[in-house]
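# What the coordinates show
Below, each chain spelled out in residue letters.
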Amino acid sequence: MSDSISSLSKENRKFHPSKEFVKNANIKSVAAYKKIKNKADKNPTLFWAQVAKDLHWQIPFKKTLEWKFPVVKWFSDGKINAAENTLDVHLNTNRRNKAALIWEGEPGDVRTLTYLQLALEVNKLANGLKSLGVKKGDVVGIYLGMVPEAVIAMLACARIGATHNVVFGGFSGEALRDRLNDSRAKVLLTQDGAFRRGSPSSLKGAVNKVLNHVQTLKTVVVLKRTGQETPMQANRDIWWHDLVNEQSNECKAEALESEHPLFILYTSGSTGKPKGILHTTGGYLVQTKYTMKEVFDLKENDIYFCTADIGWVTGHSYVTYGPLMNGSTVFLYEGAPTHPGPDRFWSMVAKHRISIFYTAPTAIRSFMRSGDEFPNKHDLSSLRLLGSVGEPINPEAWMWYYNVIGKKRCPIVDTWWQTETGSIMIAPIPGALFLKPGTATLPLPGILADVVNKDGKPCKANEGGLLVVKHPWPSMLRTIFGDHERYAHTYFGEFKKQKYYFTGDGARKDKDGYIWIMGRVDDVVNISGHRLGTAEVESALVSNPLVAEAAVVARPDEIKGSALVAFVTLKAHAKENIQDFEEMKEILKKWVAKEIGPIAKPDEIRFTDALPKTRSGKIMRRLLREMVTTGKTSGDTSTLEDFSVLEKLRANDEE
Ligand code: WTA
C-alpha cells in the first residue's frame, strides 16, 4: 500500500471551475455547498427524506430510514413507480415532445424518441409482458445490445413491477445461463444481433443452446435489429414486433412498495460465484435522481452521452433512470468506439451537439494513445462537462481529457461508486469545488464515507486505509439475491462492531479531505473499467479438463488499468500429450472467453508445476501479485509451504 500512497501524493495541481461555468451552476460556491453538506451530514436521514419529496409518490411515505443492522429500508410505507417517475411525470409539461433518447446505430442510422413516444413504447411492451403472464415480482432477463429497446425493456418491467436482470451482451451463453438460473427468470428479452465493428454480431443465435438449460424460462422475446438468420424455437421464442404490435399503448403504472425489488444486477465478488446485487425502488430512485442533477449540474437543454453499456450499473443509473427522471435528453450509441475510426465518439459529439460526456479512464487512455489528431478533427465546443467512472483515473489521463477534450473549459467529475451503492457516492459538485487530477474529491452531501484503519478508526491525513460508509444511504443494495448471509458477511463482516459498510477499496484522504482511491483490497480487479473477480476466472480455468489448478492475479496495464495473469498447473496426463504449449495458452484464453466473456480473457498464461500455498493450503496470491508487478517477492513468506515453488515460478519468469 505504501508505494501507491507516496506516488499519488505528488499530485497537487488544483483546477477551479471557470467564471462562466460557475455563473450557470446549480450550486455556485463553496459556501453554498458547505451549507448543504454540513446540514446533510449532521442528519442524513432528514436530508434524504427532503430530497425524496422531489419524486412522485403514489402514496407518500411517512417512515424514512429503518436500520436493523444489516437490514435497511427507506421510505417503506410509501408507494412509487420507476417508470412513472421517468416518463409520466414529464407528459403534462414542456418535456412531452422533448427528445428523451437520441440513438445512433453503428452503421449511422439515427432514431429519436420523445418522452411521449418513449412512454407509448414502454406501455406497449409492458402490456406485452403482461400477456405472457409476467406479474409483479417476476424476474425478466434482458440480454440486448445498446438499442433504445434496452431502455424500453427496463422501464416496461418497472411499470408492472417485474424485476429486471440485465446481463451484459458481451457475456457468454454460459454466463447468461447462470445468471438467468440464479435469478429464476421467467422471460428473456433479447435480439437477433447487434452491429459491432462493421458487421452484425449474433446475440440470440450465440446463446440459443444454453436457453434450454434454464428451467424457469418460459418465453424468449427476440428483437429484430440486424435481420440476420436466427434460430427460433416453437412454443418458446417469439418476435418482439409480434408481441408488441397489437398491444394497447396505455398501461397503468403499478403502485409499488418503496422496497419492491427494481432490479438484480450480477457483479463479481471474491469467490467464483457472481453476486446478484438487489436494488429496490424508492431509495434507489431518490439518490439516482439527486446525484444525476447535482453532480452533472444538469440543465434543461443538455444532451448527455454516457458511454456505458446497459449491462453495467452505470447503464442502469446514468443511462436510464437518473437522466430520464430529470427529463434529460440521453444520447445512446450502439457500436464500437473505434468504428469506422478512432474518432467515432468525437464525430458524434460534434454532430449531435453533446454537452455532457461520461466515460471510463480505460477509454480515455486508449483515445490518448490514438493521438490528438482524432478529437482535433472535430468541433467539440458543445461540451461543457466531462465525467469519469469505474476505476481510478491517472493524473496523466485526467490532464489529457481536460486539455484535449474539454479544452480547459470543462470541469471533470470523477465519480466514485459501485454496483452495490446504486448511485454516485464520492464526486465533486462542479460549480463549487476545485478539482485535483486523480481524486473523486469529497463524499456527496448525506454520504458519510471515510477512510479508516483495520480497527475502524479514522486514518490521519494521507495515511492509507480502507474506504467505508458509516451511515446507510437510500440507493444501497438491500441484499445479495438468494444469499443474505453472504451480503451480511461481505459488506458488514469487516466492521461489525461499528456497523460500517465496507467497500472493498483501499483509499487515503488528503489534507483537504479529498479521497484518493487506491484500488481494490480484495480479489476483485478492474479490467478496462469492468469489475471481475479473479476467482471467477480461476473457476473458469479449472473447469477445463486439462487444468489442475489456477491462480489469477492482476498486474498494472498502461491502457486497461489492470491486466490478468493466470498461473496454471496442468493435469499430469495433459502435460504429456501437449505438443505446443503456446497453442495451449491460446486454447485456454479462448476457453475463458467462452465461459465468461471476452473481457475476462487472461492477458498472459504462465504454466507452472505447482502454486505457492500456505500450510493450510490457501494459494498465496499476494506473492504472485508481487511477482507479476515487481518481478520479485519480498513479503512475508513464513507461512509458505514449499519455497521451491517460488524459485521455479521466478525461473520461468526470467526465461
Ligand atoms: C472502482 C462501477 C476509482 C472501485 C460504477 C469500485 C473507482 C469499483 C471509481 C466498482 C472512481 C469505480 N475512482 N475507482 N471514480 N469508480 N471505481 O461495481 O474499485 O463496476 O469499488 O461500479 O470500481 O465497480 P462497479
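In case you missed it, the structure is sitting above this.
So, here is what we can say about the structure in this document.

Criteria and cut-off values
- Residues numbered from 1 in each chain as written.
- Predicted model: local features only at pLDDT ≥ 70, side-chain atom pairs only at ≥ 80, totals over all residues.
- Heavy atoms only, no water.
- Helix = DSSP H or I, 4+ residues; strand = E, 2+ residues; numbered from the N terminus.
- Rg over C-alpha atoms; globule rule 2.2 N^0.38 Å.
- Buried < 20%, exposed > 50% of the residue type's maximum accessible area, 1.4 Å probe, protein only.
- Contact = heavy atoms within 4.5 Å.
- Areas by Shrake-Rupley, 256 points an atom, 1.4 Å probe, with all protein chains shown as cover.
- Salt bridge = Lys/Arg side-chain N within 4 Å of Asp/Glu carboxyl O.
- Phe/Tyr/Trp six-rings, centres within 6.5 Å; stacked < 30°, edge-to-face > 60°.
- Near = heavy atom within 4 Å.
- Polar contact = N/O pair within 3.5 Å; in protein donor to acceptor, adjacent residues only side chain to side chain.
- Pairing = 2+ DSSP bridges.
- Right-handed = clockwise from strand over helix to strand, strands pointing away.
- Axes fitted to C-alpha atoms, helices over the stretch in contact; angles between N-to-C directions.
- Core = buried A, V, L, I, M, F, W, Y, C linked by side-chain atoms within 4.5 Å.

### Some details on the overall build of the protein chain
- For the protein chain, the count of helices and strands is 22 helices and 31 strands.
- Here the protein chain has a C-alpha radius of gyration of 24 Å; the compact-globule value for 655 residues is 26 Å, and the two agree.
- Each of the three principal axes of the protein chain carries a C-alpha extent, and together these read 75 × 65 × 55 Å.
- When burial is assessed residue by residue, the protein chain has 61% of its 655 residues classed as buried.
- Nonlocal contacts in the protein chain, meaning residues at least 24 apart in sequence, comprise 71% of its contacts between residues at least 6 apart.
- For the protein chain, the accessible surface area stands at approximately 25500 Å², while carbon and sulfur atoms represent 51% of it.

### Focus on the pattern of salt bridges
- Applying the stated criterion to the full structure yields 44 salt bridges.
- With its nearest N and O atoms 3.8 Å apart, the salt bridge here joins glutamate 20 to lysine 23. Of this pair, glutamate 20 and lysine 23 both sit in helix H2 (residues 19-24), separated by 3 residues, roughly a single helical turn. In this structure, glutamate 20 and lysine 23 share a single accessibility class: exposed.
- Put simply, arginine 384 and aspartate 302 hold a salt bridge, and the shortest N to O gap is 2.8 Å. You can see arginine 384 sitting in the loop between helix H15 (373-376) and strand E20 (385-389) and its partner aspartate 302 sitting in the loop between helix H11 (282-295) and strand E17 (303-306), a full 82 residues away along the chain.

### Looking at unusual backbone geometry
- Between phenylalanine 69 and proline 70 the backbone carries a cis peptide bond, its omega angle lying at -5°.
- With respect to the secondary-structure elements, proline 70 resides in the loop between strand E2 (65-68) and strand E3 (71-74).
- Looking along the chain, the bond that leaves histidine 339 and enters proline 340 is cis, with omega of 0°.
- Within the element layout of this structure, proline 340 appears in the loop between strand E18 (329-333) and helix H13 (344-352).
- Non-glycine residue arginine 184 carries a positive phi angle of around 60°.
- Within the secondary structure, arginine 184 sits in the loop between helix H8 (173-183) and strand E9 (185-191).
- Judged by relative accessible area, which is 56%, arginine 184 ranks as exposed.
- The phi dihedral of lysine 499 is positive, around 60°, even though this residue is not glycine.

### Examining helix H16 (residues 395-405)
- Counting buried residues in H16 gives 9 out of 11 residues, a clear majority hidden from the surface.
- For H16, the full list of buried residues reads Pro395, Ala397, Trp398, Met399, Trp400, Tyr401, Tyr402, Val404 and Ile405.
- Contacts made by the buried residues of H16 are with H13, strand E19 (356-359), helix H14 (361-370), H15, E20 and strand E21 (412-415).
- Positive phi shows up at lysine 407, right after H16, with a value of about 50°.

### Regarding the packing of aromatic side chains
- Overall, the coordinates contain 40 aromatic pairs when judged by the stated rule.
- Considering the side-chain rings of phenylalanine 305 and phenylalanine 345, the 5.3 Å spacing of their centres and the 85° angle between planes classify their relative orientation as edge-to-face. Note that phenylalanine 305 is positioned in strand E17 and phenylalanine 345 in helix H13, a separation of 40 residues in sequence. In this structure, phenylalanine 305 and phenylalanine 345 share a single accessibility class: buried.

### Notes on the site of the ligand
- Taken together, 17 residues form the shell around the ligand, and within it Asp414, Thr415, Thr419, Asp505 and Arg531 come nearest.
- One of the backbone nitrogen or oxygen atoms of threonine 415 is found 2.8 Å away from a nitrogen atom of the ligand.
- Taking arginine 531, its side chain carries an N or O atom lying 2.8 Å from an oxygen atom of the ligand.
- Notes on the ligand: free accessible area 530 Å², of which the protein chains cover 96%.
- Only helix H12 (313-325), E21 and strand E26 (515-520) provide two or more residues apiece to the shell around the ligand.

### A word on the pairing of strand E15 (residues 261-267)
- Taken across its 7 residues, E15 has 6 buried, putting it largely inside the fold.
- In this sheet, strand E16 (residues 275-280) lies alongside E15 in antiparallel orientation, the contact comprising 6 bridges. Paired with tyrosine 266 across the two strands is glycine 276, which belongs to E16.

### Things to note about the pairing of E21
- In E21, alternate side chains face the same way, and those of Ile412 and Asp414 on one face and Val413 and Thr415 on the other are all buried.
- Here E20 pairs with E21 via 4 bridges, running parallel. Note on E21: the bridge partner recorded for leucine 386 is isoleucine 412.
- With respect to chirality, the unit in which E20 leads through H16 into the neighbouring parallel E21 is right-handed.

### Overview of H8
- Residues Gly173, Glu174, Ala175, Leu176, Arg179, Leu180 and Ser183 constitute the buried set of H8.
- Arginine 184, located one to two residues past H8, shows a positive phi value of around 60°.

### A look at the sheet that holds strand E4 (residues 79-80)
- The antiparallel open sheet is built from 3 strands, whose spatial order is E1-E4-E14. Strands with a single pairing partner mark the edges of an open sheet, and in this sheet they are strand E1 (57-59) and strand E14 (256-257).
- Both E1 and E4 contribute to a ladder of 2 bridges, which runs antiparallel. Bridge pairing in E4 links isoleucine 59 to lysine 79.

### Things to note about the side chain of histidine 471
- Structurally, histidine 471 is set in the loop between strand E23 (465-469) and strand E24 (479-480).
- When neighbours within four sequence positions are excluded, histidine 471 is seen to be in contact with Pro44, Thr45, Leu65 and Leu448.

### Quick word on the sheet that holds E18
- If you walk across this open sheet you meet the 7 strands as E6-E5-E18-E17-E19-E20-E21, and the pairing is mixed. Every other strand in the sheet has two partners, leaving strand E6 (110-114) and E21 as the edge strands with one partner each. The average undirected angle you get between the axes of adjacent strands in this sheet is 20°.
- In this sheet, E18 lies alongside strand E5 (residues 99-104) in parallel orientation, the contact comprising 4 bridges. Within E18, the position partnered with glutamate 104 by the bridge is tyrosine 333.
- On top of the sheet, helix H6 (residues 115-131) reaches E5 and E6; it is set at about 90° to E6, its chief contact.

### Quick word on the nonpolar core
- Ranked by internal contacts, the top residues of the largest apolar core, which has 119 residues, are Leu118, Leu125, Leu189, Phe296 and Tyr321.
- For this core, the element with the most residues is helix H7 (residues 148-160), which contributes 10 residues.
- If near-sequence neighbours (up to four positions away) are discounted, leucine 189 is found in contact with Leu125, Leu129, Val140, Gly141, Ile142, Tyr143, Leu144, Ala153, Val221 and Trp240.

Shape is all these values report; function is a separate question.
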